[in-house]
Amino acid sequence: MSTKEEFFAHIEEGYKTKGDFITMGAAMLEGETITGAHVKIPLKTLNRHGLIAGATGTGKTKTLQIIAENLSEKGIPVLLMDLKGDLSGIAEPSPGHPKIDERHEKIGIPFTPKDFPIEILSLSEQDGVKLRATVSEFGPVLLSRILDLSTVQEGIVAVVFKYCDDNKLPLLDLKDFKKVLQYATGEGKKEFSKDYGRISTSSTGTILRKVIELEQQGADLFFGEKSFDVDDLTRIDENGRGIINIIRLTDIQDRPKLFSTFMLSLLAEIYDSFPEQGDSDRPELIFFVDEAHLIFKEASKALLGQIESIVKLIRSKGVGLYFVTQNPTDVPGAVLSQLGLKVQHALRAFTAKDRKAIKLTAENYPLSDYYDTKQVLTSLGIGEALITALDEKGRPTPLAATMLRAPMSRMDILSDSELKEVIGASKLVEKYNKEIDRESAYEILSEKIEKAEKLAEKEQKRSEGTSTKRTSSRRRSTRQNPVIKVLTSATFIRGVLGVLKKVIR
Ligand SMILES: Nc1ncnc2c1ncn2[C@@H]1O[C@H](COP(=O)(O)OP(=O)(O)O)[C@@H](O)[C@H]1O
Ligand SMILES: [Mg+2]
């Protein structure tokens, strides 16, 4: 047997699957594509997470596009965090290109241009389905982690949530939260210290400052109603294809805190509401984070810990997380070690630091009789990558330098008018984009304070007339709570314990 035949058999054996799979492309040996030596990923192990890495322009985002469209075709919904706005083209078929035909001929799979069903979501002022969550739903634990609070400050946040729960004050947006925080050391000081212990003004001051910092990153757009129901991420279209949800994040690149806040809350909510999957043949939802270094770069230790836990746990819900970033070292080791699929595009070896990263990366891949991994890492072409996945038994598949297939959809983004059309046709936009500002903690407390002040004024006047008589009616009046029918107790309980109650520690 020639080396080539041997290699073909090696790949065929290593990537054999019993169940359904997606095909990434064909394996390459010494720069030559071995037609028909297909590199396949079983649907069964897609919930084991993954990494797509490589230097700029090597094809990472296209790899993401390929996986996403092939999953959609298999009826698996996808969520894409699109930080550069590269991915909307998925909604239109590829115009094709002789180079693409050539590529597919080498791989040995036909090329068929196709479009895919997409939904555009947004975290900011941009068009699309508005993604929101209430502060109550977000919960004290996650809020404290995001704000990077000390244990003492975290305790205060918990008390604020508890107070609101006890008094049926809905915490919808950050305005509500700030109001209660101010109230706790201001007008409501006595009431708070009686029932929950004394709260220091300097602590609330620090928390307040951090909330304002978060607001400055645009978080006020995210917190509020109507909160997004994560079940809407798992829709299938009328032809049985998974909907590809694209979250446009082009305008939050420079606001990493908002980005990580949002991502974590989404994951926590998914974790909380998706059922346990057991040993399933296919994932429920695949979640891609493009330009993932942005979430890790500025994340606090507490936040990283949270990401680590959720990565570990969310697998059991049939959710796979895929990080797309330039260098594998952008991803913390504890997360990296949990990733089943690795797609490594070319790395550049310009500096000593680059060379060190290449060495480290190579060491993280299975050994191969066919490749000098370090050498391959620097010589891969555009749209080629080193791949290792997990087979159906959970074992790493053989390392394969892969000529990747081309996206069936357009590699270029949608025009403004095309985008408008997609958004105009969306049912979710209708469902979520109404502005709601219900009566919540802010309004209720403001009213309460105002009432108390008026009462005090009256009493002041009265006592000026009758001199001596003292009264406790001010105290009594502050204890009256307006009766309101809001938030079910279930939401409150979840808010109080924190959505992440099962994931912490
Ligand atoms: N699988 C592929 N098939 C065909 N062309 C590709 C493929 N991957 C990358 N390319 C080409 O390379 C360019 C850069 O790819 P891109 O995914 O945007 O790189 P990155 O995200 O790594 O910066 C694309 O615009 C496309 O022309
Ligand atoms: Mg990219």
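Note that the structure is a prediction, hence the values are computed from the model and not measured.

What follows concerns the pairing of strand S11 (residues 384-388). Side-chain positions along a regular strand alternate between the two faces of the sheet. Taken across its five residues, S11 has five buried, putting it largely inside the fold. Residues of S11 alternate between two faces, with Glu 384, Leu 386 and Thr 388 on one and Ala 385 and Ile 387 on the opposite face, all of them buried. Judged from the four bridges that link them, S11 and strand S12 (residues 400-404) form a sheet pairing that is antiparallel. The residue of S12 that forms the bridge with Leu 386 is Ala 401.

Below, the discussion takes up helix H6 (residues 151-166). The end-to-end C-alpha separation of H6 is 22 Å, in line with the 22 Å expected for 16 residues at 1.5 Å each. Those residues of H6 not exposed but buried are Gln 153, Ile 156, Val 157, Val 159, Val 160, Phe 161, Tyr 163, Cys 164 and Asp 165. Positive backbone phi, approximately 55°, marks Lys 168, located one or two places after H6.

Okay, the packing of aromatic side chains next. Applying the stated criterion across every chain, the model contains 15 aromatic pairs. Where Phe 222 meets Phe 262, the ring centres are 5.7 Å apart and the plane angle is 85°; that geometry is what we call edge-to-face. A residue pair is termed long-range when its members are at least 10 positions apart, and Phe 222 in helix H9 (residues 201-222) and Phe 262 in helix H10 (residues 256-273) qualify at 40 residues. An identical accessibility class is assigned to Phe 222 and Phe 262; each is buried. Ring pairing ties together the aromatic residues Phe 138, Phe 222, Phe 223 and Phe 262, which thus form one cluster. The aromatic ring of Tyr 432 is capped on one face by Lys 226, whose charged end is 5.9 Å from the ring centroid. Here the guanidinium or amino end of Lys 317 rests over the ring plane of Tyr 271, the centre of that ring lying 4.6 Å away.

Right, let's talk about the site of ligand 1 for a bit. Within the structure, ligand 1 sits among 15 residues, and Gly 57, Lys 60, Thr 61, Lys 62 and Arg 405 are positioned closest to it. The separation between an oxygen atom of ligand 1 and a polar side-chain atom of Thr 61 is 2.7 Å. Contact between ligand 1 and Arg 103: a nitrogen atom at 3.5 Å from a side-chain N or O atom of the residue. Cavity membership is defined here by more than half of the atoms lying within 2 Å of grid points; on that basis ligand 1 lies in the largest pocket. The element best represented in the shell around ligand 1 is helix H2 (residues 60-73), accounting for four residues. The class makeup of the residues in the shell around ligand 1 is five nonpolar, six polar and four charged.

The next point concerns the domain arrangement of the protein. Segmentation of the protein into domains returns domain 1 (3-126 + 232-425) and domain 2 (135-171 + 174-222 + 436-497). If you look at the interface, domain 1 gives 19 residues, while domain 2 gives 13 residues. Linking domain 1 with domain 2 are one residue pair in polar contact (both at pLDDT 80 or more). Breaking the side of domain 1 that touches domain 2 down by element, the ones donating at least two residues are H10 and helix H12 (301-314). In terms of residues, the side of domain 1 that touches domain 2 owes the most to one element, H10, which gives eleven residues. Split by residue class, the side of domain 1 that touches domain 2 holds eight nonpolar, six polar and five charged.

For the largest pocket, the calculated volume is near 540 Å³. Residue lining of the largest pocket: 28 residues in total, with Gly 59, Lys 62, Ile 382, Gly 383 and Met 411 positioned closest to the centre. Elements with a minimum of two residues in the lining of the largest pocket: H2, helix H3 (98-107) and S12. Split into classes, the residues belonging to the lining of the largest pocket amount to eight nonpolar, ten polar and ten charged.

Time to look at the environment of Leu 390. Note on placement: Leu 390 falls in the loop between S11 and S12. Since its relative accessible area comes to 11%, Leu 390 is described here as buried. Remark: the alpha-carbon pair of Leu 390 and His 293, spanning 97 residues in sequence, is separated by 24 Å. Discounting residues that sit within four places of it in the chain, Leu 390 has contacts with Pro 42, Thr 45, Arg 48, Gly 340, Arg 395, Pro 396 and Thr 397.

It is worth spelling out empty space enclosed by the protein at this point. In this structure the tally under the stated criterion is four cavities of 30 Å³ or more. Roughly 130 Å³ of volume is contained in the largest cavity. Lining the largest cavity we find 13 residues, and of these Arg 132, Ala 133, Phe 228, Ser 265 and Glu 269 sit closest to its centre. At the level of secondary structure, the elements contributing two or more residues to the lining of the largest cavity comprise helix H4 (135-138) and H10. Here the residues of the lining of the largest cavity are counted per class, giving eight nonpolar, two polar and three charged. If you add up the space inside the second largest cavity, you get close to 60 Å³. Contributing to the lining of the second largest cavity are Leu 51, Pro 328, Leu 336, Lys 342, Gln 344, Thr 361, Asn 364 and Tyr 365. Among the residues forming the lining of the second largest cavity, the class breakdown is four nonpolar, three polar and one charged.

Applying the stated criterion across every chain yields a total of 21 salt bridges. Close ionic contact of Lys 114 with Glu 73 constitutes a salt bridge, the shortest N to O distance being 2.3 Å. One end of the pair, Lys 114, is in the loop between H3 and strand S5 (118-122); the other, Glu 73, is in helix H2, and 41 residues separate them in sequence. Note that Lys 448 is salt-bridged to Glu 191, the shortest N-O span being 3.5 Å. In this pair, Lys 448 is assigned in helix H18 (residues 441-466) and Glu 191 in helix H8 (residues 189-196), connecting sequence segments 257 residues apart. Taken individually, Lys 448 and Glu 191 each receive the classification buried, so the pair is uniform in this respect.

A word on the nonpolar core. Residues Leu 80, Phe 177, Ile 270, Phe 287, Phe 288 and Phe 323 are the most contacted members of the largest nonpolar core, which totals 147 residues. Top element by residues in this core is H10. It accounts for ten residues. Two domains each donate at least three residues to this core, and these are domain 1 (3-126 + 232-425) and domain 2 (135-171 + 174-222 + 436-497). In this structure, Leu 80 is in contact with Leu 64, Ala 68, Leu 87, Ile 90, Ile 244, Asn 245, Ile 246, Ile 247 and Phe 288, ignoring residues within four places of it in sequence.

Turning to the sheet that holds S5, a few remarks are in order. The twelve strands are arranged S2-S1-S12-S11-S10-S3-S9-S8-S4-S7-S5-S6 in an open sheet whose pairing can be described as mixed. Taken across any chain shown, the strands that pair with only one partner, and hence form the sheet edges, are strand S2 (32-42) and strand S6 (129-130). Two strands pair when backbone bridges link them, and strand S1 (residues 21-29) and S2 are joined in this way by seven bridges, in the antiparallel orientation. Paired with Gly 25 across the bridge in S2 is Val 39.

What counts, and where the lines are drawn
Along every chain, residues carry numbers that run from 1 in the direction the sequence is written. All chains are assigned letters beginning at A, and all ligands numbers beginning at 1, according to the order in which they are written. Where local features are concerned, this predicted model is filtered to residues with pLDDT of at least 70; where side-chain atom pairs are given and counted, the filter is 80 or more; whole-chain, interface and lining totals use all residues. Remark: hydrogens and water are excluded; side-chain values derive from all non-hydrogen atoms of the structure. Partly exposed describes any residue whose relative accessible area lies between the buried limit of under 20% and the exposed limit of over 50%, with all areas from a 1.4 Å probe on protein chains only and scaled to the type maximum. Strands here mean DSSP runs of E at least two residues long; helices mean DSSP runs of H or I at least four residues long; both are numbered from the N terminus. The pairing criterion for strands is at least two bridges between them, as found by DSSP. Multiply 1.5 Å by the residue count of a helix minus one, and that product is the helix's expected span. When the centres of two rings from Phe, Tyr and Trp lie within 6.5 Å, Trp using its six-membered ring, the rings pair. Their planes under 30 degrees apart give stacked, over 60 give edge-to-face, and anything left gives tilted. Put simply, a charge is over a ring when the Lys NZ or the Arg CZ is close to the ring centre, within 6 Å, and near the line of the ring normal, within 35 degrees. Near residues are defined by distance, with any heavy atom within 4 Å of the molecule or strand qualifying the residue. The term polar contact refers here to a pair of N or O atoms within 3.5 Å; inside protein, the definition further demands a hydrogen-donor-capable atom paired with an acceptor-capable atom, and it admits residues adjacent in sequence only when both atoms are side-chain atoms. A cavity here means a set of points on a 1 Å grid, drawn over the protein atoms and nothing else, where a 1.4 Å probe fits but cannot get out; a pocket is an open set with protein on both sides within 12 Å along at least five of seven lines, and a residue lines either one if it has an atom within 4 Å of a point. For a cavity or pocket, the test is whether more than half of a molecule's atoms lie within 2 Å of its grid points; if they do, the molecule sits there. Basically, the charged four are Asp, Glu, Lys and Arg, the nonpolar ten are Ala, Val, Leu, Ile, Met, Phe, Trp, Tyr, Cys and Pro, and anything else, Gly included, counts as polar. Delimitation of the domains relies on an automatic or database domain assignment. Any two residues whose heavy atoms approach within 4.5 Å at even a single point are treated as in contact. Grid points are joined across faces, edges and corners, and a volume is the space filled by probe spheres set on the points. Salt-bridge detection follows one rule: a side-chain nitrogen of Lys or Arg within 4 Å of a carboxyl oxygen of Asp or Glu. What makes a nonpolar core is a set of buried Ala, Val, Leu, Ile, Met, Phe, Trp, Tyr and Cys residues whose side-chain atoms join them at distances within 4.5 Å.

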